[in-house]
Amino acid sequence: MRETLERRVRDLTTDPGQPLRQHAYQSPLRDERLAAWLGASLGVLFSICFLTGLYSHLHQHPLSWLPVPARPAGLYRVTQGLHVAAGIASMPILLAKLWVVWPRFVSLPAVKNAAHLVERIGLFPLVAGGIFMVFSGIANIAQWYPWRFGFPAAHYWVAWIVAGALVAHVGAKGAIARRALARPSRRPRLGDGDGVLGAVAEGAHAGLSRRGFLGTVFGAAGVLTLTTVGQTVTPLSRAALLGARDPGVGPQGRPVNRSAANAGVLHSSTSADYRLIVEGKVRRPLSFDASQLERMARHTARLPISCVEGWSYSARWRGVRVRDLLAMAGAAPTATARVHSLEGGSPYSSSFLDHAQAHDGDTLLATHLDGMRLDLDHGYPLRLIGPGRPGVNQTKWVTRLVVE
Ligand SMILES: Nc1nc2c(c(=O)[nH]1)N[C@H]1C(S)=C(S)[C@@H](COP(=O)(O)O)O[C@H]1N2
Ligand SMILES: [Mo]
């Protein structure tokens, strides 16, 4: 029994007709140098994604001891643009890297020794996690949710797993990769060596060269970036053929993720009973109706909306300063606040203003967008807009400002 098994394994690895045979995967493109180039590029892209992702997480789950800056006003637009661009660009590079190293995953013996076993176990979170991060991020951009878990939480926690696995992987392979990159590239010549190497060298001549392969992969990443990044980099907007969103299309020429109808606020936002209430830790609770707010809306600011999904637009907003409302209500100078929407039961139905945000002169409860009364879908009668905040925190259909 045992003997037959061993024979089978031997046949699988040596019989030229079998897919697992040692040299079935001997493409000259599957070498250390190429794997190192692709790995290093992925390392850079994943690091950008991880750091900008943490920054975005911090905005959405604020820590009292680590406030995020309100300025520069466009900072989140840049970090989130980078996050999505790096994630999209990593897709072809990840595929290429997996293709190049694939023979290692299926090579036999499956486990050579304890160190090899540990390395192989560590590969699972890296490979499966990396694929999950890129796939779930891109699905989120397309607002396609073919799963049952909450996207932000899963994307966040798997990011830590991948980051840990990546550090371990760099520890295990960094030296090999550095050596492979430092070696001058050796172009296989025809008839170079003999046996398998010779065959490989001849094969290299017939097929795609390593440089050609890398050029194709990086070219694909470049094309994907160029055809999507225009969603947030305005001068490139005409090239954004693959962008999920056109930042110039929608009510008032601006895109909308969640409409008033989707949010269930069609009635409450247009009702004569609508009020903005300022309450919480205040000396004088305040209440305003829509026309009072419109008359009070004197301050204008040019600020971007930067969606986590990678699209953004900059617009001119007019509204009432939050800090003026805080002063009118007699809030403490140290006050922070939470802004609540008419929309209930959504993670985006309220958002937090830390001290810097609440007191920034451009943090507005806006009534106007580009000189026009806000469209219902943009948050009529009142929406929050503040500098340096993610789009998800720019709460629409605001009805309560609770001072904390
Ligand atoms: N109440 C509420 N406000 C919200 C949302 C929401 O779903 N509900 N979506 C947010 C998201 S994800 C973004 S990107 C911005 C988009 O603003 P816009 O639709 O006016 O372009 O609104 C934010 N404000
Ligand atoms: Mo968003």
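Located above this text is the structure these notes cover.
Everything quoted here is computed from the prediction, not taken from an experiment.

(A) Up close: the site of ligand 1. Near ligand 1, the surroundings consist of 19 residues, among which Pro255, Glu343, His378, Arg383 and Lys396 are the closest. Contact between ligand 1 and His378: an oxygen atom at 2.6 Å from a side-chain N or O atom of the residue. Protein burial of ligand 1: of its 530 Å² of free accessible surface, 98% is covered by the chains. Looking at the shell around ligand 1 residue by residue, the class counts come to nine nonpolar, six polar and four charged.

(B) The packing of helix H3 (residues 75-106) against helix H4 (residues 114-141), seen in detail. One can describe the packing of H3 onto H4 by two numbers: an axis separation of 10 Å at closest approach and a directional angle of 145°. Relative to H4, the crossing made by H3 is left-handed. Counting all contacts with H3, which are made through Val84, Gly87, Ile88, Ser90, Met91, Leu94, Leu98, Arg104, Phe105 and Val106, the residues of H4 involved are Arg120, Leu123, Val127, Gly130, Ile131, Val134, Ile138 and Ile141. By residue class, the composition of the contact of H3 with H4 is 13 nonpolar, three polar and two charged.

(C) A look at the side chain of His83. Looking at the element boundaries, His83 is found in helix H3. For His83, the side chain forms a polar contact with the main-chain oxygen of Cys49, separated by 2.9 Å. Excluding anything up to four places from it in sequence, His83 contacts Cys49, Thr52, Gly53 and His155.

(D) Fine view of the pattern of salt bridges. Counting across every chain of the model gives nine salt bridges. Ionic pairing is found between Arg71 and Asp360, a salt bridge with its closest N-O pair at 2.6 Å. Here Arg71, found in the loop between helix H2 (32-60) and H3, pairs with Asp360, found in the loop between helix H12 (355-359) and strand S7 (364-369); they are 289 residues apart in sequence, far enough to count as distant. Look at Arg71 and you get partly exposed, because its relative accessible area is 38%. Classification of Asp360 by relative accessible area gives buried; the value is 12%.

(E) Looking closely at the environment of Asn113. In this fold, Asn113 is placed in the loop between H3 and H4. Polar side-chain contacts of Asn113 include one of 2.8 Å to the backbone nitrogen of His116.

(F) Representation of the side chain of Gln80. Tracing the chain through its elements places Gln80 in helix H3. Within the structure, the side chain of Gln80 is placed 2.7 Å from the backbone oxygen of Val308, a separation counted as a polar contact.

(G) Highlighting the environment of Lys173. Looking at the element boundaries, Lys173 is found in helix H5 (residues 151-182). Distance in space between the C-alpha atoms of Lys173 and Gly39 is 9.8 Å, their sequence separation being 134 residues. Once residues lying within four places of it in the same chain are set aside, the contact partners of Lys173 are Arg104 and Glu119. A distance of 3.2 Å separates polar atoms of two side chains, one belonging to Lys173 and the other to Glu119.

(H) Representation of H3 in the model. The end-to-end C-alpha distance of H3, which contains 32 residues, comes to 44 Å, matching closely the 46 Å that a straight helix rising 1.5 Å per residue would cover. Approximately 45° is the largest bend angle found in H3, and it occurs at Val100, with the proline Pro103 only one to four residues beyond.

(I) Focus on a nonpolar patch on the surface. The grouping of Trp37, Leu181 and Phe218 at the surface amounts to a nonpolar patch, some 250 Å² of accessible area in total. In this fold, Trp37 is placed in helix H2. Taking relative accessible area as the criterion, Trp37 reaches 40% and is therefore assigned partly exposed.

(J) Fine view of the pairing of strand S4 (residues 312-321). Burial within S4 is extensive, with seven of its 10 residues counted as buried. As defined by bridge partners, strand S3 (residues 299-306) adjoins S4 across eight bridges and the pair is classed as antiparallel. Bridged to Thr300 within S4 is Arg318. Connecting S3 to the next strand, S4, in antiparallel fashion are five residues, including Gly310 with a positive phi near 100°. Where S4 meets S7, five bridges bridge the pair, whose relative direction is antiparallel. Looking at S7, one finds that Arg321 is bridged to Leu364.

About the cut-offs
Residues numbered from 1 in each chain as written. Chains lettered and ligands numbered in written order. Predicted model: local features only at pLDDT ≥ 70, side-chain atom pairs only at ≥ 80, totals over all residues. Heavy atoms only, no water. Near = heavy atom within 4 Å. Polar contact = N/O pair within 3.5 Å; in protein donor to acceptor, adjacent residues only side chain to side chain. Areas by Shrake-Rupley, 256 points an atom, 1.4 Å probe, with all protein chains shown as cover. Nonpolar A, V, L, I, M, F, W, Y, C, P; charged D, E, K, R; others polar. Axes fitted to C-alpha atoms, helices over the stretch in contact; angles between N-to-C directions. Helix = DSSP H or I, 4+ residues; strand = E, 2+ residues; numbered from the N terminus. Left-handed = near helix turned anticlockwise from the far one by under 90°. Contact = heavy atoms within 4.5 Å. Salt bridge = Lys/Arg side-chain N within 4 Å of Asp/Glu carboxyl O. Buried < 20%, exposed > 50% of the residue type's maximum accessible area, 1.4 Å probe, protein only. Expected span 1.5 Å × (residues − 1). Bend = angle between axes of the 7 residues up to and from the residue. Patch = residues over 30% accessible without salt bridge, like charges linked within 9 Å, V, L, I, M, F, W, Y side chains within 5 Å. Pairing = 2+ DSSP bridges.

The quantities given are spatial measurements derived from coordinates; they are silent on function.
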